[in-house]
Amino acid sequence: QELRGHLETLHSQTDENSGIFGDKWSQSFTDIWNKTDALVESIRGVKTVSTFTTRLDTAGISTSLKQVSRLIQIRNERGAGINRDVFHVQQGGYDGHFDLANNLETRLPSLNHAVGSFWAEIKAQGIENQVTVLIGSEFGRTINPNSNLGSDHAWAGNYFMFGGELRGGRILGEYPTSFKDSYPLNIGQGRLIPKHSWDSVWYGISQWFGIKDLDDLEYVLPNSGNFGCDLFTDSDLYATGTESLKGCGGPTHTSPVTMQLPKARYLTGEEQKSVCRLAVRSMAINLKFEPSNSRCYVDNQVIVPSEVAPGLFDINGMAVINFDESVPPEKASPAAVANVMVVAAATASDFVVAGAVPQSAAPSESPSSYPTVSSMPSYQPSVSSMPSHQPSDQPSALPSVSTMPSVVPTISTMPTVSPSANPTTSASPTIAATDSFPPTVSQYPTPAPTARKVFEEDFSSRDIGSVGRKGGSSNPESGLHVVQGSGVAFGYNDGFHYLFVETSGDITFTALVENFSASRPWAKVGIMFRDTLYATSSHYSMYLTRSQGVANQYRTCTACSTSHAQSWVYNPSSVWLKVTKVGNVLTAYYRPTTSTSSTWYEFGVSLSMVNIRSTGYYVGIAVSSHTKNGLATAEVSNIQLTRVCTSESITNLQCEQASNCEVGFLSSSCYYKGTVPDWEDGYSYDGSFVASVLDVAS
């Protein structure tokens, strides 16, 4: 109200100094202002039957629902053409990580009173058959309590829905058959995987709301296509519902879908929909029915290292194809579906899925400019109708079959596996010994390991937090560290053993986990960046767990909860780990030890960690047994801390600490190892020793 006079002057009528855009803005502002004044007057004139008691109005939920009931009551005054309304109100404070029972005792009575008063008001207006109320949360909570008598973030939850036309008194979906850890949908700590999506509920509500067209439904609920026939229609939810789920009720078939990707990741929701759109469109054309008579989604994605394309990952999924009850089973046969899915998956890998290796089944219209290179050898010998013009320089694993003799004999640089049955006879003796110029090239690793890289700086070693059993570390061989640790490194504080150095600036920290033994599935070993040595410190870590795959875990602030990104599907016994710090941004990587490729795969969350300051932090190897009653043992080697080795970007201390850097003796400049100029060794042209570049002899 204090600004009202100024706003009236600012948006008064047009004069010679007004512009067309300013005039338009003022007109729009004035219109909204007038409509708001009229709406406020209308609301003030509304009398409610229910008493919305402010005494129980925790977090404003009662006031909000009272306002909604008044807006509904003046729906006709709010303007012609308003025939639908959606209102969203919320009551916060349910993120109960601490003392959950007292928290709910404070809020639930307020919610109960507000909802009861609202529904009494709706019934008094006589419109209960026109109103649906849905109560939910943006995420679920753990069933198991945490150590603070609270409940942590989870996935699946319960959602309540009521209204005059609803077919109430029922549980839709499936109630969990068990809450034990062995239950397949329990992923740990009482976190349940949902059986139904949000879209399944809103699909039926949208139909009741008057949205019937399939394209309109897909626009309103863009993810509904990823759940096949697992959606509720208005007939499932409402006594007056009339709609069915198009593309369901007939045959259902499954077909495998496989793609090769450079990163271990699942297909995104958009990629899954694209694969299915291609499949449904192709099936509609080939099997001659309307596309709306089929639904498709990709299920059960599994990621494994690719055998066909080493260094890549196979993403194996199962496409589930549903058909409408109007489609005859003989038309939608399993064989017909499988053929269409092969083409759809190949097309998607060529054009839709980011980074996928093309696998189109269609032949090229013209020859390639360059030959195709295969990462795997042929399993059968090639047959040539003409002889080779040049000999090969390596023997074939299997003999080539030629229908014509070679023009030039084959020259082999490798000896035969076994001696000839008859000796070779030479007409004249060799004049001189034969020299072999090209070295032998082996495609297989040597049976003995190469020397481990050594981290030349001294590590510190200590237990962090409450561990139960004392941990420790040793250095039994050059470049190999054995670290033992107890405790649980998760939640709001950590317990583990830490082999670490204190450092600063931008670095890359790399290590090879050669072996890891522990009793608990969530025992872990890995690289940890840490702000302090207190148990509640913020940290960023990349782990190998005993049986839960690789995991990226982090705590973004002191004493707050740990978050993590995990892979169950890639669960190696040994692995290379790497974490980079550039500015405040930390990024985690891993590299399989079974691969000959030098490619690192980014994993988890690349995160800005302002608490892990570039002016000073800790980095090293963390080992946790995930119990206070036992120790986990890790063998870690090839630990390296590397940097950009230039004096412009790092200090002498940072240069000396880096595995790949070296300080010049005379100038104290920082060089990459192996690139220090000769003059830096301290000897002048005449052989005398100098201690500084300022000495005369230098």
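Novice: Where do I start with the nonpolar core in this structure?
Specialist: Side chains of a nonpolar character, in soluble globular proteins, are inclined to be buried together. Among the nonpolar cores identified, the biggest contains 78 residues, and Phe-529 and Ile-621 are the most heavily contacted of them. Here the element with the most residues in this core is helix α8 (residues 269-287); it accounts for 8 residues. In terms of nonpolar packing, the next biggest core, distinct from the first, is built from 13 residues, Ala-114, Trp-119, Ile-122 and Ile-127 among them.

Novice: Help me understand the layout of surface pockets, please; the structure alone is not making it clear to me.
Specialist: Roughly 1,400 Å³ of volume is contained in the second largest pocket. Around the second largest pocket sit 39 residues that line it, and Gln-189, Arg-191, Phe-490, Gly-491 and His-626 are the ones nearest its centre. Where the lining of the second largest pocket is concerned, the elements lending two or more residues are β12 (493-494), β17 (550-555) and β18 (563-566). Here the lining of the second largest pocket gets 4 residues from one element, more than from any other, and that element is β18. Classifying every residue of the lining of the second largest pocket by side-chain character gives 10 nonpolar, 22 polar and 7 charged.

Novice: What should I look at first to understand the pattern of salt bridges in this one?
Specialist: Oppositely charged side chains are able to pair whenever their charged atoms sit close together. If you walk through the whole model with that rule in mind, you get 16 salt bridges. Arg-44 serves as the salt-bridge partner of Glu-41, at 3.3 Å between the closest nitrogen and oxygen. Of this pair, Glu-41 and Arg-44 are both found in helix α2 (residues 20-44), 3 residues apart, which corresponds to roughly one turn of the helix. Among the residues examined, Arg-44 registers a relative accessible area of 57% and is labelled exposed.

Novice: Before we go on, may I ask you to explain the packing of aromatic side chains in this structure?
Specialist: Here a ring pair, both rings aromatic, is described through the centre-centre distance and the interplanar angle of the planes. Inspection of the entire model under this criterion finds 20 aromatic pairs. Judged by centre distance (6.4 Å) and plane angle (65 degrees), the rings of Phe-313 and Tyr-590 are edge-to-face. With Phe-313 in strand β5 (residues 313-324) and Tyr-590 in strand β20 (residues 585-592), this pair connects stretches of sequence that are 277 residues apart. Ring centres of Phe-313 and Tyr-601 lie 4.9 Å apart, and the angle between their planes is 75 degrees; on these two criteria the pair is classed as edge-to-face. Placement of Phe-313 in strand β5 and of Tyr-601 in strand β21 (residues 601-608) is noted, with a sequence separation of 288 residues between them. Through a chain of ring-to-ring contacts, three or more aromatic side chains come together here, namely Phe-313, Tyr-590, Tyr-601 and Phe-603.

Novice: Looking at this model, I keep getting lost on the packing of α2 against helix α3 (residues 61-73). Mind explaining?
Specialist: Helix packing for two helices is described by the angle between their axes and how far apart those axes are. For the pair α2 and α3, interaxial distance at closest approach is 10 Å and the crossing angle is 105 degrees. Between α2 and α3, the crossing angle belongs to the class labelled roughly perpendicular. Here Leu-39, Ile-43 and Arg-44 of α2 lie close against α3, whose contacting residues are Gln-67, Arg-70 and Leu-71.

Novice: Would you mind going over the sheet that holds strand β3 (residues 249-261) with me for this structure?
Specialist: In any sheet, the strands associate via hydrogen bonds between backbone groups, in a parallel or an antiparallel arrangement. Across the sheet, which stays open at both edges, the 3 strands sit in the order β3-β5-β4 with antiparallel pairing between neighbours. This sheet does not close on itself; its edge strands, each paired only once, are β3 and β4 (294-305). Pairwise comparison of adjacent strand axes, ignoring direction, gives a mean angle of 15 degrees for this sheet. Summarising the sheet, β3 and β5 pair through 11 bridges and their orientation is antiparallel. By the bridge assignment, Val-257 is partnered in β5 with Gly-317. Of the strands in this sheet, β3, β4 and β5 are in contact with α8, which crosses β4 at around 130 degrees.

Novice: Can you help me understand helix α5 (residues 198-208) in this one?
Specialist: Quick reminder: α-helices carry 3.6 residues per turn. Residues three or four places apart thus point the same way. The buried count for α5 comes to 8 of 11 residues, which makes it a mostly enclosed element. All buried positions along α5 are accounted for by Asp-199, Ser-200, Val-201, Tyr-203, Gly-204, Ile-205, Ser-206 and Gln-207. Turning to α5, the residues buried within the fold contact β1 (132-135), β2 (160-163), α6 (214-220), α7 (234-237) and β4. N-capping of α5 is provided by Ser-197, with a side-chain oxygen placed 3.2 Å from the backbone N of Asp-199.

Novice: What is the right way to look at α3 in this model?
Specialist: In this model, α3 (13 residues) spans 19 Å end to end at C-alpha, consistent with the 18 Å of a helix rising 1.5 Å per residue. For α3, the complete set of buried residues consists of Ile-61, Ser-62, Leu-65, Val-68, Ser-69, Arg-70, Leu-71 and Ile-72. Turning to α3, the residues buried within the fold contact α2 and α4 (100-124).

Novice: Would you explain the side chain of Glu-680 in this entry?
Specialist: Note on placement: Glu-680 falls in the segment after β25 (670-672). Buried charge without a salt bridge: Glu-680, with Lys-673 as the nearest opposite-charge side chain at an N-O distance of 16 Å. Once residues within four sequence positions are removed from consideration, Glu-680 is found in contact with Gly-664, Phe-665, Leu-666, Ser-667, Ser-668, Ser-669 and Tyr-671.

Novice: How should the pairing of strand β15 (residues 524-530) be read in this particular structure?
Specialist: Two faces make up the sheet, and in a regular strand the side chains alternate between them. For β15, a buried count of 7 out of 7 residues is recorded, marking the element as mostly surrounded by other parts of the structure. In this structure, β15 lies alongside strand β16 (residues 539-545), joined through 7 bridges in antiparallel fashion. Bridge pairing links Ile-527 to Met-542 in β16.

Cut-offs used in this document
- Residues numbered from 1 in each chain as written.
- Predicted model: local features only at pLDDT ≥ 70, side-chain atom pairs only at ≥ 80, totals over all residues.
- Heavy atoms only, no water.
- Core = buried A, V, L, I, M, F, W, Y, C linked by side-chain atoms within 4.5 Å.
- Buried < 20%, exposed > 50% of the residue type's maximum accessible area, 1.4 Å probe, protein only.
- Helix = DSSP H or I, 4+ residues; strand = E, 2+ residues; numbered from the N terminus.
- 1 Å grid on protein atoms, 1.4 Å probe; cavity = no way out; pocket = protein on both sides within 12 Å on 5 of 7 lines; lining within 4 Å.
- Points joined across faces, edges and corners; volume = space filled by probe spheres on them.
- Nonpolar A, V, L, I, M, F, W, Y, C, P; charged D, E, K, R; others polar.
- Salt bridge = Lys/Arg side-chain N within 4 Å of Asp/Glu carboxyl O.
- Phe/Tyr/Trp six-rings, centres within 6.5 Å; stacked < 30°, edge-to-face > 60°.
- Axes fitted to C-alpha atoms, helices over the stretch in contact; angles between N-to-C directions.
- Parallel < 35°, antiparallel > 145°, perpendicular 65-115°, else oblique.
- Contact = heavy atoms within 4.5 Å.
- Pairing = 2+ DSSP bridges.
- Polar contact = N/O pair within 3.5 Å; in protein donor to acceptor, adjacent residues only side chain to side chain.
- Expected span 1.5 Å × (residues − 1).
- Lys, Arg positive; Asp, Glu negative; His and termini not counted.

Spatial relationships are all this shows, so hold off on functional conclusions.
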